[in-house]
Amino acid sequence: MSRASDTLVADVAMTIATRLTRRGFCGVSASFPALSQSRPKPNVIVLMTDDQGYGDLSCHGNPVLKTPAMDKLHGESVRFTDFHSAPMCSPTRGQLLTGLDALRNGATSVTAGRAIVRRGIPMMPELFKANGYATGLFGKWHVGDTYPYRPMDRGFDVAKYHHGFGISSAVELGNDYANGRYQDNGVAKKFEGYCTDFWFSEAMRFMSECARRKQPFFCYLPTNTPHGPAWVDAKYTKPYGGTRQAANFFGMIANLNENMEKLETFLHGHDLKQNTIFVFLTDNGGTAGVNVYNAGMRGRKTQLYHGGHRVPCFVRWPAGKLRAPSDSSVPAHMQDLLPTLVDLCELKNPAGTRFDGASLAGILRGTTDRLPDRMLVVQYGQILKKWESCVIWGAWRLVNGTELYNLTDDPAEKTDASASHADVVQKMRSHYEKWWRTVEPGLREYVPIVLGAPQQNPVNLCSADWQDIYCDNPNAVLSGAAGPRGGPWNVQVERDGDYEISLARWPFHDPLLLHAARPAQTLTYGSLPEGKAFPIAAAQLEIAGQKLSSKGKMGDTSIAFRVKLKAGTRTQLHGWFQDEAGTDLCGAYYARVTRI
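Residues numbered from 1 in each chain as written. Predicted model: local features only at pLDDT ≥ 70, side-chain atom pairs only at ≥ 80, totals over all residues. Heavy atoms only, no water.

S.K.: Please clarify how the overall build of the protein should be interpreted in this entry.
M.R.: Within the protein, the regular secondary structure consists of 13 helices and 29 strands. The C-alpha radius of gyration computed for the protein amounts to 24 Å, which stays within 12% of the reference 25 Å derived for 596 residues, consistent with globular compactness. Dimensions along the principal axes, computed over C-alpha positions, put the protein at roughly 70 × 60 × 55 Å. Counting only residues that meet the buried cut, the protein has 61% of its 596 residues in that class. (Helix = DSSP H or I, 4+ residues; strand = E, 2+ residues; numbered from the N terminus. Rg over C-alpha atoms; globule rule 2.2 N^0.38 Å. Buried < 20%, exposed > 50% of the residue type's maximum accessible area, 1.4 Å probe, protein only.)

Now the structure itself:
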């Protein structure tokens, strides 16, 4: 590496370290240790599919689904066969990207004001970028849609993604899986073709450019498929019978498999395969395929039983001198992957960086076949309650603090063994008690949406982030769910000033009259039903101790308020609609806040 390149890397490291210090991350120093230049750095691809369970691969015994490209990767990888995610997606993604438990990093749910990783926590792309890597995201982010939580605020040079849990989510209402809308480093643009094809194509474009520049890359490729709705071309579903839902779900996986074949061809053709660490995994337990095959497990997505959070994890690095492709039954979880990649890539962390996970590098390299004895805790949720968890200790599973299962004798978790193994229950409960005491103090500290920052003004808000209310899917918005007032957003004011706050029934990217129904919509591979009309005549707004009312006018698509806000204010923004008589109707599902 040239002296100019060394200087560039050092400058990048200093920039990231300084930025992390300003965010308030404890123990971050203003410099990184010198980088080792002894050998070419490996590239890294992390491919995470959405809602594909452990049983949704033919290499895991699925009798219907065919996944030859995934099977080939399985055959070339070290496989962690007892690997755990959270039972839902945002908590999993936050744990992957920070190496911290969901209840510590803030992203504990997919909605309800709990789907954002706290400010000041170093994330995977920031660490790679500080060590000279080009960083790219292609697909699903879902740990913060607004500044300073967007992917380009958290270390990605290139970020091509959608908002919310998926292209069909409430924040993306009306978007299409084909020829739809995406964010290009925060700028809305149109993509051509099917969404999954687009993510893979753009990821390969990014990797090709990095290869041309001879710069190592970190490519994060979290697809929004096969998460429902199961919208995909019929040519992929045709080979699969059974229910329409399962057939379409398997069709989305068939499309993923096809894209994996293209990716493997690309890596081989660009001489990238040998020195690229390829990690394949999924974000939670099974969904639409569970009734066909669930690998003998109890549980599915959202549940604390084994099938709710056991996921595939394959790691391949041909030039990395890893052990021969084989299975490892060591219990591991998402939080282990960042410290593992730090070790494998010899990344230098900001001083004081800590992880809840442990490095799996020794197991991958074959220098050991086990980790020091430890227990893992699986917990997530929008209303977080003590004991709503699964504690993992070897083959033992303690569910909800009372049910005990031994997977060696009872892989389907049919027989509660707590009565006959009270000593095991006591040890696992003791571990959980200690763990809970470390996370409980911060559980009511909702991560606020930042208003008035120059990096993003205006800011659009969606019901997906209402505190303690599950309102992130299109059907909730279309049906007018969540009661006559909806819920509040937790916000923080970045700068003093006058602010305009506009409240809307329908999204600003597709404005409709306040009182209007949303017409039913036919999409390329699916459809949305008609959205409910309300006789909206006025709006109420509460923020920072101010309570305001305003009447709507004929032709309005939103109702606007002017308020003065002080920098540093942590408060709630709550808006809802009323009819002519002053009767509450529904929450303001969408809001736009502009510092004037």
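Once the structure has been displayed, the description carries forward.
S.K.: Looking at this structure, I do not really get the packing of aromatic side chains. What am I missing?
M.R.: The geometry of an aromatic ring pair is captured by two quantities: the separation of the ring centres and the angle between the planes. Evaluated as defined, the whole model comprises 26 aromatic pairs. Judged by centre distance (6.2 Å) and plane angle (70 degrees), the rings of Tyr305 and Tyr405 are edge-to-face. Here Tyr305 is found in the loop between β9 (276-282) and α9 (306-309), whereas its partner Tyr405 is found in strand β17 (residues 403-406), with 100 residues between them in sequence. We note that Tyr305, like Tyr405, is buried. (Phe/Tyr/Trp six-rings, centres within 6.5 Å; stacked < 30°, edge-to-face > 60°.)

S.K.: Is there a simple way to explain helix α3 (residues 89-98) in this structure?
M.R.: It helps to recall that an α-helix has 3.6 residues per turn; residues three or four apart then point in one direction. For α3, a buried count of 10 out of 10 residues is recorded, marking the element as mostly surrounded by other parts of the structure. Within α3, burial applies to Cys89, Ser90, Pro91, Thr92, Arg93, Gly94, Gln95, Leu96, Leu97 and Thr98. Each element contacted by the buried residues of α3 is listed here: β1 (43-49), α4 (102-105), α5 (124-130), β4 (134-140), β8 (217-222) and α10 (337-344). Just downstream of α3, Gly99 is the residue with a positive phi angle, here 75 degrees. (Contact = heavy atoms within 4.5 Å.)

S.K.: Explain the pattern of salt bridges to me, please; I cannot follow it from the model alone.
M.R.: Side-chain pairing between opposite charges can occur once the charged atoms of the two side chains come close. Under the criterion given, the structure shown has 33 salt bridges. For the salt bridge of Asp51 with Lys301, the shortest nitrogen-to-oxygen distance reads 3.0 Å. Pair noted here: Asp51 is in the loop between β1 and α2 (68-75) and Lys301 is in the loop between β9 and α9, with a separation of 250 residues, a long-range link. Exposure class is identical for Asp51 and Lys301. Each is buried. Glu494 is paired through a salt bridge with Arg119; the nearest N and O atoms lie 3.8 Å apart. Taken together, the residues span a long stretch of sequence, with Glu494 in the loop between β20 (489-493) and β21 (497-504) and Arg119 in the loop between α4 and α5 at a distance of 375 residues. The class for Glu494 is partly exposed, based on a relative accessible area of 27%. The network of salt bridges with common partners includes Lys72, Glu76, Glu264, Lys273 and Arg316. (Salt bridge = Lys/Arg side-chain N within 4 Å of Asp/Glu carboxyl O.)

S.K.: Before we go on, may I ask you to explain the environment of Asp233 in this structure?
M.R.: With respect to the element layout, Asp233 can be found in the loop between β8 and α7 (234-237). Sequence separation between Asp233 and Ala539 is 306 residues; the distance between their C-alpha atoms is 42 Å. At a separation of 2.9 Å, a polar atom in the side chain of Asp233 contacts the main-chain amide nitrogen of Lys235. (Polar contact = N/O pair within 3.5 Å; in protein donor to acceptor, adjacent residues only side chain to side chain.)

S.K.: Hey, could you run me through unusual backbone geometry in this one?
M.R.: Peptide bonds are mostly trans, and most non-glycine residues show a negative phi. Note the cis peptide between Thr225 and Pro226, where omega equals 5 degrees. With respect to the secondary-structure elements, Pro226 resides in the loop between β8 and α7. The omega angle of the peptide bond from Asn457 to Pro458 is 10 degrees, so this bond is cis rather than trans. Residue position: Pro458 is located in the loop between β18 (449-451) and β19 (459-462). In this structure, Asn179 takes a positive phi of about 55 degrees despite not being glycine. Turning to its location among the elements, Asn179 is positioned in the loop between β5 (158-162) and β6 (181-184).

S.K.: Mind showing me how you'd approach the side chain of His74 here?
M.R.: Position of His74 among the secondary structure elements: in helix α2. Residue classification places His74 among the buried positions, given a relative accessible area of 16%. If near-sequence neighbours (up to four positions away) are discounted, His74 is found in contact with Cys59, His60, Arg79 and Phe314.

S.K.: Would you take a moment to explain the packing of helix α6 (residues 195-213) against helix α8 (residues 244-269) for this structure?
M.R.: Helix-helix packing is described using two parameters, namely the angle between the two axes and the distance between the axes. Where α6 meets α8, the closest approach of the two axes is 10 Å, and the angle between their N-to-C directions is 15 degrees. As the angle between them shows, α6 and α8 are arranged roughly parallel. Crossing of α6 against α8: the hand is right-handed. Contacts between α6 and α8 involve Thr196, Asp197, Phe200, Met204, Met207 and Ser208 on the former and, on the latter, Asn255, Leu256, Asn259, Met260, Lys262, Leu263, Phe266 and Leu267. For the contact of α6 with α8, the per-class residue count stands at eight nonpolar, four polar and two charged. (Axes fitted to C-alpha atoms, helices over the stretch in contact; angles between N-to-C directions. Parallel < 35°, antiparallel > 145°, perpendicular 65-115°, else oblique. Left-handed = near helix turned anticlockwise from the far one by under 90°. Nonpolar A, V, L, I, M, F, W, Y, C, P; charged D, E, K, R; others polar.)

S.K.: Please explain the sheet that holds strand β13 (residues 332-333) as it appears in this structure.
M.R.: Sheet strands associate in pairs through backbone hydrogen bonding, adopting either a parallel or an antiparallel arrangement. Here we have three strands laid out as an open sheet, ordered β10-β3-β13, and mixed in their pairing. Of all strands in the sheet, those with a lone pairing partner are β10 (310-311) and β13, marking the two edges. (Pairing = 2+ DSSP bridges.)

S.K.: Whenever I open this one, the pairing of strand β7 (residues 187-190) confuses me. Can you help?
M.R.: Two faces belong to every sheet, and in a regular strand the side chains alternate between them. Pairing geometry for β6 and β7, over four bridges, is antiparallel. The partner of Arg181 across the bridge, within β7, is Lys190.

S.K.: Hey, could you run me through the sheet that holds β4 in this one?
M.R.: As summarised here, the arrangement of the 10 strands in space is β7-β6-β5-β4-β8-β1-β9-β11-β2-β12, forming an open sheet in which the pairing is mixed. Each of the sheet's edge strands pairs with one partner strand only, and the pair in question is β7 and β12 (326-328). Within the sheet, the average angular offset between the axes of one strand and its neighbour, ignoring direction, is 20 degrees. Where β4 and β5 come together, five bridges link them in parallel fashion. What sits directly across from Phe138, in β5, is Lys160. Against the sheet, α10 engages β1, β9 and β11 (313-316), with an angle of about 170 degrees to β9.

S.K.: Can you walk me through the pairing of strand β16 (residues 396-399) in this structure?
M.R.: Across the two faces of β16 the burial is the same, with Trp396 and Leu398 and Arg397 and Val399 all buried. One ladder, built from four bridges, connects strand β15 (residues 390-393) with β16; its direction is antiparallel. When the bridges of β16 are listed, Trp393 appears paired with Trp396. Pairing of β16 with β17, which is carried by four bridges, proceeds in the antiparallel orientation. Counterpart to Leu398 in the pairing with β17 is Leu404. The hairpin turn running from β16 into β17, its antiparallel successor, is three residues long, and Asn400 in that turn takes a positive phi close to 60 degrees.

Note that all results are geometric; they support no functional claim without further evidence.
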